Amino acid sequence: NAGVIQTPRHKVTGKGQEATLWCEPISGHSAVFWYRQTIVQGLEFLTYFRNQAPIDDSGMPKERFSAQMPNQSHSTLKIQSTQPQDSAVYLCASSPGGEGNYAEQFFGPGTRLTVL
Amino acid sequence: GDSVTQTEGQVALSEEDFLTIHCNYSASGYPTLFWYVQYPGEGPQLLFRASRDKEKGSSRGFEATYDKGTTSFHLRKASVQESDSAVYYCALGRSSNTDKVVFGTGTRLQVSP
């Protein structure tokens, strides 16, 4: 079990460029989560999928952020027209999910995004 | 909605000191409560959980007791070590309707030798 895999580990973009972050959840896990982490805001929920379907994107900035889960083995978080305030560590987590088997989330190491 | 409050943003201790990090929650019914720990350069990892009133969770010398009366799940350790330096998150989850977990703001623990 390799755990949750996130690539790249570090990404540097110029202001206005696009950034795509990748997450490979643990095989067999049905729920995938994205979080943003900064010193100031701490751990912020962005969005999550269950069985590849988007369930809750209440934390996503609507205009430039989008997330997809095209198959059970990976999810992407795309940020268009990146801004310096998007600089953060983006964490992906997966969970076994299912009624009564909830809530332990297994986190990847994160992608550190720096927008210059 | 559900929420978790951690009152200490940072805690600085010396080795062998006693640790308490306070966590209070607001939720109906019996959510499951968690403590996660995050070491530098890593994602948070589960320390332990508790699902019922008076249940004690524990791991690696850390412990917390689910108290529905005071809506608390305070983290304690009798004697901290420098290797315990990390960020600690209290969190709340439910089994019905959502897989989502609500995290507290985190407490950064720095232990000096």
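Predicted model, so just to flag it, every value in this text is computed and none were measured.

A.B. asks: Please give an account of the overall build of chain B that cites residues and values.
C.D. replies: Counting its regular elements, chain B contains 0 helices and 12 strands. If you list the helices and strands of chain B from N to C, you get β-β-β-β-β-β-β-β-β-β-β-β. Relative to its length of 113 residues, chain B is compact, with a C-alpha radius of gyration of 14 Å against a globular reference of 13 Å. Considering only C-alpha atoms, chain B reaches an extent of 45 × 30 × 20 Å along its principal axes. When each of the 113 residues of chain B is scored for burial, the buried share is 47%.

A.B. asks: So what's going on with the overall build of chain A? Which residues, and what values?
C.D. replies: When its secondary structure is counted, chain A shows 0 helices and 11 strands. Helices and strands in chain A line up, N terminus first, as β-β-β-β-β-β-β-β-β-β-β. Relative to the globule expectation of 13 Å for 116 residues, the C-alpha radius of gyration of chain A, 14 Å, shows essentially globular dimensions. When its C-alpha atoms are laid out on the principal axes, chain A stretches across 45 × 30 × 25 Å. Within chain A, buried positions represent 47% of all 116 residues. Long-range pairs, those at least 24 residues apart, make up 54% of the contacts in chain A with a sequence separation of at least 6. When the accessible surface of chain A is totalled, it reaches about 5,600 Å², and 47% of it is carbon and sulfur. Computed over 9 positive and 9 negative side-chain charges, the separation of the two mean positions in chain A equals 9 Å.

A.B. asks: An account of unusual backbone geometry is requested, with residue identities and associated values reported.
C.D. replies: All names here are of chain A. With an omega of -10°, the peptide bond between threonine 7 and proline 8 qualifies as cis. Along the chain, proline 8 falls in the loop between strand E1 (5–7) and strand E2 (10–13). Its identity is not glycine, yet serine 81 carries a phi of approximately 45°, on the positive side. Note that serine 81 resides in the loop between strand E8 (74–79) and strand E9 (88–95).

A.B. asks: Go over the sheet that holds strand E8 (residues 62–65) of chain B with me, naming the residues and quoting the values.
C.D. replies: The pairing of strands in a sheet comes from backbone hydrogen bonds and takes either a parallel or an antiparallel form. All names here are of chain B. The antiparallel open sheet is built from 4 strands, whose spatial order is E3-E9-E8-E7. Edge positions in the sheet fall to strand E3 (19–21) and strand E7 (56–59), since each has one partner strand and no second. Between one strand axis and the next, the sheet turns by 20° as a mean value, whatever way the strands run. Here 4 bridges tie E7 to E8, and the two strands are oriented antiparallel to one another. Bridge pairing in E8 links lysine 56 to threonine 65.

A.B. asks: Tell me what's going on with the interface of chain A and chain B, and back it up with residues and numbers.
C.D. replies: Each partner contributes residues to the interface: chain A has 24 residues there, and chain B has 22 residues. Summed over both partners, the interface of chain A with chain B comes to about 1,800 Å²; 51% of that surface belongs to carbon and sulfur atoms. Between Arg49(B) and Glu104(A) there is a salt bridge, and its shortest N-O distance comes to 2.9 Å. At the boundary of chain A and chain B, one finds 7 residue pairs in polar contact (both at pLDDT 80 or more). At the level of secondary structure, the elements contributing two or more residues to the side of chain A that touches chain B comprise strand E4 (31–38) and strand E5 (42–50) of chain A. Grouping the constituent residues of the side of chain A that touches chain B by class yields 12 nonpolar, 7 polar and 5 charged.

A.B. asks: Describe the nonpolar core, naming the residues involved and giving the relevant values.
C.D. replies: Residues and elements named next belong to chain B. Ranked by size, the top nonpolar core spans 26 residues in total, and within it Leu19, Trp35, Leu47, Phe48, Phe73, Leu75 and Tyr88 carry the most contacts. Of all the secondary structure elements, the ones that give two or more residues to this core are strand E2 (10–14), E3, strand E4 (23–26), strand E5 (32–38), strand E6 (45–50), E8, strand E10 (86–93) and strand E12 (107–112). Sorting elements by how many residues they give to this core places E10 first, with 4 residues. Leaving out residues up to four positions away in the same chain, phenylalanine 48 has contacts with Leu33, Phe34, Trp35, Gly57, Ser58, Ser59, Phe62, Glu63, Ala64, Phe73 and Leu75.

Reading the values: rules and limits
Residues numbered from 1 in each chain as written. Chains lettered and ligands numbered in written order. Predicted model: local features only at pLDDT ≥ 70, side-chain atom pairs only at ≥ 80, totals over all residues. Heavy atoms only, no water. Helix = DSSP H or I, 4+ residues; strand = E, 2+ residues; numbered from the N terminus. Rg over C-alpha atoms; globule rule 2.2 N^0.38 Å. Buried < 20%, exposed > 50% of the residue type's maximum accessible area, 1.4 Å probe, protein only. Contact = heavy atoms within 4.5 Å. Areas by Shrake-Rupley, 256 points an atom, 1.4 Å probe, with all protein chains shown as cover. Lys, Arg positive; Asp, Glu negative; His and termini not counted. Charge placed at Lys NZ, Arg CZ, Asp CG, Glu CD. Pairing = 2+ DSSP bridges. Axes fitted to C-alpha atoms, helices over the stretch in contact; angles between N-to-C directions. Buried area = accessible area lost by both parts, 1.4 Å probe. Salt bridge = Lys/Arg side-chain N within 4 Å of Asp/Glu carboxyl O. Polar contact = N/O pair within 3.5 Å; in protein donor to acceptor, adjacent residues only side chain to side chain. Nonpolar A, V, L, I, M, F, W, Y, C, P; charged D, E, K, R; others polar. Core = buried A, V, L, I, M, F, W, Y, C linked by side-chain atoms within 4.5 Å.

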